[in-house]
Amino acid sequence: MTQWERFLDTFFNAAVLAKYTPAILQGVWVTVWLSVLIVLAGIGLGVALAVIRSFGWRLASFAIVVFADVMRAVPPLVLILIVFFGLPNAGIFLSSFFVLFVVLALVLAAFAEEIVWAGITSVDKGQWEAARSTGLGFGQSLAFVVLPQALRMGIPPLTNRAIAITKMTALGTVIGVPDILNQATTAQSFSGNASPLMLAAVVYVALFLPLVILSRWLENRFAWRKA
Amino acid sequence: MTADVEAAQATPSLEVRGLHKSFGTVEVLKGVDLTVAHREMVFVLGPSGSGKSTMLRCCNRLEEPDSGLILLEGDPVTGKGVNLNAIRQRIGMVFQAFNLYPHLNARKNVTLALRKVRGMSRDEADARAMEALTRVGLADKSENHPSELSGGQQQRVAIARALALEPQVMLFDEPTSALDPELVGDVLAVMREVKAAGMTMLVVSHEMKFAREAADRVIFMDQGRIVEQGPPERIFGAPEHDRTRAFLSRVTGD
C-alpha cells in the first residue's frame, strides 16, 4: 500500500462511509433540531433580557449583567459538565439533549443580550425624543422605534454568535447526545477508521456554509445608511 | 359668540410661568415667563447657552423643569398626575436633527403615532399621513426612506409627522440649523404655510430674516432669562437692551 492509498483508506474509505452514513444522517437531524431550538430560545431570551434591562430597574439590570458576564466567561463545556454530572447529585435528572439545549441557549442568550443592549444604547437619543414627543409611551417607543433599529444593528453579530453556538452542539458528544460528531466518533471507534469523522466535517460544512453566506447576505440586506 | 368660546380665546395657547432649570450646578433657566396667544408665531432668539432650547424642550417636558408652571390651553403640562403622553400629542415638536425613524418610510414615520397613540385604522392613518405629506409638498416621497431624502425633505417629513397629530401648539427647535443653505427656503416656506393655516408656533431659530418677516413677536433670551420682547420691527429696528443690540450686531454683521 502506498502512502497515498493509506491516506485514502484512512480518511475516505468507501465501505466504511457506506456503512455509517445512515447513523451520521441521524446525527444531522439531532444537530439541526437542537440548533433551531437553541437559536430561537437563545435569541428570544437575549432580546427579552435586553428589553427588561432598558427599563432601568436597578436590581433586574444588575442580575442581567451578572448573568451575561458569567455565561460569557465560563467555557460552555464546563457548564455542560456541571449541569449534566452535577445536578443528578442533587436528585435532578435531565436528559443530555435537554442539558445541551439549556446550556447553549443560555450562553447564546447572554451574548444576544449584550449585542441587543449595545444596539439599544447606540440608537440616537433624538429617536426616543421624537417618539415620546408624539405621545408614544416608553414601551411603545422602545418596541416600534428603538428596538427595530437596535436589532438591525445587531443582525451581523447575532448571526455570527448563532453560528458559533450551534457549532458547539458538537460538545454534546461528551455527555452522549447523539449528534453528528457523536455518531461519527462512535463509527470511528467501531470501524477503526477516520472516514466517518471526515464525513462529519463535510456535513458540518454543508450545514454551516449556507448559514455563513446567509449571514453575509443579511449583513448587506440590513445595512442602511443612517439618516 | 358664546361665553365659553370667548373664555377659551382669552386663555393663552401656551403659558409658561417661573420656569427654572439647572443642569448640575449650572442654572440654565432662571425664571422664564412667557405666553403664546392663539395663532401667534413667537420667535426666540439668543446666544448659544442662553437657555432657549432648554426652555422649548421644557414645554413638552423632554426636559423636566425644576420648578415653574406650564399650561397648554389652560391644562397643566407640569405637575404630578399629568398624563404626559396625552398632553404631548397636543404639542408638536420639530427637531434640529429631524429625528426621522430611519427604518420606516416617510408615510410610516407619520402614521406610527396615529396608529399606536390615536388608535387609527391603517387606512385612516394612511389617508391622514398623505394629507400631511401633501401639505409639506412630499406626497411623491411617501414611500422613500429618510436616507433617500435630502435634509430639507427630511425636515418637512418631520413637520408632517408633527402636523398629522393636529397639535394645538408646535415647537420648532432650530429647524433649519442642520440644513445646507439652499435647502432652508423649502422648510421656511412650509413653516409659513403652517402659520397661515392658523397654527400657534414657538420657534427657536437663527433665521433672522425669516423672524423679521414672519414672526408676530420676537423674544430675546440671554443667560437663562428673557431680556426683552416685542414685535420684530422693534426688536430688530430699535432694541432697548445692550445685550440684544450686541447679539443682533454679531449675528447680522451690521
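Rules of the game
- Residues numbered from 1 in each chain as written.
- Chains lettered and ligands numbered in written order.
- Predicted model: local features only at pLDDT ≥ 70, side-chain atom pairs only at ≥ 80, totals over all residues.
- Heavy atoms only, no water.
- UniProt positions renumbered as here; feature names shortened; annotations may be inferred.
- Helix = DSSP H or I, 4+ residues; strand = E, 2+ residues; numbered from the N terminus.
- Pairing = 2+ DSSP bridges.
- 1 Å grid on protein atoms, 1.4 Å probe; cavity = no way out; pocket = protein on both sides within 12 Å on 5 of 7 lines; lining within 4 Å.
- Points joined across faces, edges and corners; volume = space filled by probe spheres on them.
- Nonpolar A, V, L, I, M, F, W, Y, C, P; charged D, E, K, R; others polar.
- Disulfide = S-S within 2.5 Å.
- Buried < 20%, exposed > 50% of the residue type's maximum accessible area, 1.4 Å probe, protein only.
- Axes fitted to C-alpha atoms, helices over the stretch in contact; angles between N-to-C directions.
- Contact = heavy atoms within 4.5 Å.
- Buried area = accessible area lost by both parts, 1.4 Å probe.
- Salt bridge = Lys/Arg side-chain N within 4 Å of Asp/Glu carboxyl O.
- Polar contact = N/O pair within 3.5 Å; in protein donor to acceptor, adjacent residues only side chain to side chain.
- pLDDT = per-residue confidence, 0-100.
- Parallel < 35°, antiparallel > 145°, perpendicular 65-115°, else oblique.
- Left-handed = near helix turned anticlockwise from the far one by under 90°.
- Phe/Tyr/Trp six-rings, centres within 6.5 Å; stacked < 30°, edge-to-face > 60°.

- An unreviewed UniProt entry lists chain B under the name Amino acid ABC transporter ATP-binding protein, with Thetidibacter halocola given as the organism.
- Here is the UniProt Sequence similarities (unreviewed entry) comment for chain B, exactly as written: "Belongs to the ABC transporter superfamily."

- Labelled according to an unreviewed UniProt entry, chain A appears under the name Amino acid ABC transporter permease, originating from Thetidibacter halocola.
- UniProt, in the comment section headed Sequence similarities (unreviewed entry), describes chain A in these words: "Belongs to the binding-protein-dependent transport system permease family. HisMQ subfamily."

**A few points about the UniProt feature "transmembrane region" (unreviewed entry) in chain A**
All names here are of chain A.
Move 1: With numbering aligned to this structure, UniProt lists the feature "transmembrane region" (unreviewed entry) at residues 28–52, 59–85, 91–112 and 197–218.
Move 2: Counting secondary structure, residues 59–85 comes out at 93% helix and 0% strand; the distance between its end C-alpha atoms is 31 Å.
Move 3: Summarising residues 197–218: 100% helix, 0% strand, and an end-to-end C-alpha distance of 31 Å.

**What about the pairing of strand β2 (residues 26–36) of chain B?**
All names here are of chain B.
Move 1: Bridge analysis of strand β1 (residues 14–23) against β2 gives eight bridges, and the strand direction is antiparallel. Opposite Lys 21, over in β2, you have Leu 29 as the bridge partner.
Move 2: In this structure, the hairpin formed by β1 and β2 is closed by a connection of two residues, where Gly 24 is found at a positive phi of approximately 65 degrees.

**A closer look at empty space enclosed by the protein**
Residues and elements named next belong to chain B.
Move 1: Per the stated rule, a full pass over the model turns up one cavity of 30 Å³ or more.
Move 2: Considered as a void within the structure, the largest cavity measures approximately 30 Å³ in volume.
Move 3: Per element, the largest residue contribution to the lining of the largest cavity is three residues, and it comes from strand β6 (residues 91–94).
Move 4: Looking at the lining of the largest cavity, its residues break down into four nonpolar, three polar and one charged.

**Thoughts on the state of the cysteines**
Residue and element names in this part refer to chain B.
Move 1: Scanning the model with the defined rule gives zero disulfides over all chains in all.
Move 2: Here Cys 58 is not cross-linked by a disulfide; its sulfur's nearest cysteine counterpart is in Cys 59, at 7.1 Å.
Move 3: The exposure class of Cys 59 is buried, given its relative accessible area of 0%.

**Topic: the sheet that holds strand β3 (residues 41–45) of chain B**
Residue and element names in this part refer to chain B.
Move 1: With respect to topology, six strands assemble into an open sheet ordered β6-β7-β8-β3-β9-β10, the strand pairing being mixed. Across the chains shown, the open sheet's two edge strands, defined by having one partner strand only, are β6 and β10 (225–230). On average, each strand axis in the sheet is inclined to that of its neighbour by 20 degrees, with strand direction left out of account.
Move 2: Judged from the four bridges that link them, β3 and strand β8 (residues 200–204) form a sheet pairing that is parallel. What sits directly across from Met 41, in β8, is Met 201.

**Here's the deal with the interface of chain A and chain B**
Move 1: Chain A puts 22 residues into the contact, and the matching count from chain B is 23 residues.
Move 2: When chain A packs against chain B, the two sides together hide about 2,000 Å² of surface, and 58% of this comes from carbon and sulfur.
Move 3: Counting across the chain A and chain B interface gives one salt bridge.
Move 4: For the salt bridge of A:Glu129 with B:Arg57, the shortest nitrogen-to-oxygen distance reads 2.7 Å.
Move 5: On inspection of chain A and its partner chain B, the count reaches five residue pairs in polar contact (both at pLDDT 80 or more).
Move 6: Of all elements in the fold, only α6 (125–133) and α7 (138–167) of chain A reach the threshold of two or more residues within the side of chain A that touches chain B.
Move 7: A per-element tally of the side of chain A that touches chain B places α6(A) first, with eight residues.
Move 8: Of the residues belonging to the side of chain A that touches chain B, the class tally is eight nonpolar, eight polar and six charged.

**Quick look at the confidence of the model for chain B**
Move 1: Of all residues in chain B, 96% attain a pLDDT of 70 or more, and the chain-wide mean is 93.
Move 2: If you check the scores for this complex, the pTM reads 0.88 and the ipTM reads 0.92.

**Some words on the packing of helix α4 (residues 106–116) of chain B against helix α6 (residues 151–163) of chain B**
Residues and elements named next belong to chain B.
Move 1: Relative to each other, α4 and α6 sit at 25 degrees, their axes nearing to 8 Å. Overall, the two elements α4 and α6 adopt an arrangement that is roughly parallel. The interaxial crossing formed by α4 with α6 has right-handed handedness. Between α4 and α6, the contacting residues are Ala 106, Asn 109 and Val 110 on the first element and Val 157, Ala 160 and Arg 161 on the second.
Move 2: Class assignment for the residues of the contact of α4 with α6 results in four nonpolar, one polar and one charged.

**Description of the UniProt feature "domain: ABC transporter" (unreviewed entry) in chain B**
Move 1: Under the feature "domain: ABC transporter" (unreviewed entry), the UniProt entry names residues 14–248 of chain B.
Move 2: Taken end to end, residues 14–248 of chain B has its terminal C-alpha atoms 27 Å apart, with 37% of it in helix and 26% in strand.

**Remarks on the sheet that holds β2(B)**
Move 1: Across the sheet, four strands lie side by side as β2-β1-β4-β5 (chain B); this open sheet has antiparallel pairing. If you trace the sheet from one side to the other, it starts and ends with β2 and β5 (75–76) of chain B, each paired once.

**Let's talk about the pattern of salt bridges**
Move 1: Tallied over the entire structure, the rule returns 23 salt bridges over all chains.
Move 2: B:Arg17 is the partner of B:Glu15 in a salt bridge, and the nearest nitrogen-oxygen pair spans 3.0 Å.
Move 3: On the accessibility criterion, B:Glu15 (17% relative accessible area) is buried.
Move 4: Relative accessible area serves as the criterion here: at 39%, B:Arg17 is assigned to the partly exposed category.
Move 5: Of the charged contacts in the structure, one is a salt bridge between B:Arg234 and B:Glu228, with a shortest N-O distance of 3.4 Å.
Move 6: What makes B:Arg234 partly exposed here is its relative accessible area of 26%.
Move 7: If you follow the salt bridges from partner to partner, you end up with A:Arg53, A:Asp69, A:Arg72, A:Glu113 and A:Glu114 in one network.

**Quick word on the environment of B:Ala86**
Move 1: With respect to the helices and strands, B:Ala86 occurs in helix α3 (residues 84–88).
Move 2: A sequence separation of 15 residues divides B:Ala86 from B:Leu71, and the C-alpha atoms of the two residues are 14 Å apart.

**Digging into the packing of aromatic side chains**
Residue and element names in this part refer to chain A.
Move 1: Per the stated rule, a full pass over the model turns up twelve aromatic pairs over all chains.
Move 2: With centroids separated by 6.2 Å and ring planes inclined at 20 degrees, the aromatic side chains of Tyr 204 and Phe 208 adopt a geometry described as stacked. With Tyr 204 and Phe 208 both in helix α9 (residues 195–221) and four residues apart, this pair spans about one turn of that helix. Phe 208 shares its class with Tyr 204; the two are buried.
Move 3: By way of ring pairs, the aromatic residues Trp 4, Phe 7, Phe 11 and Phe 12 are connected into one cluster.

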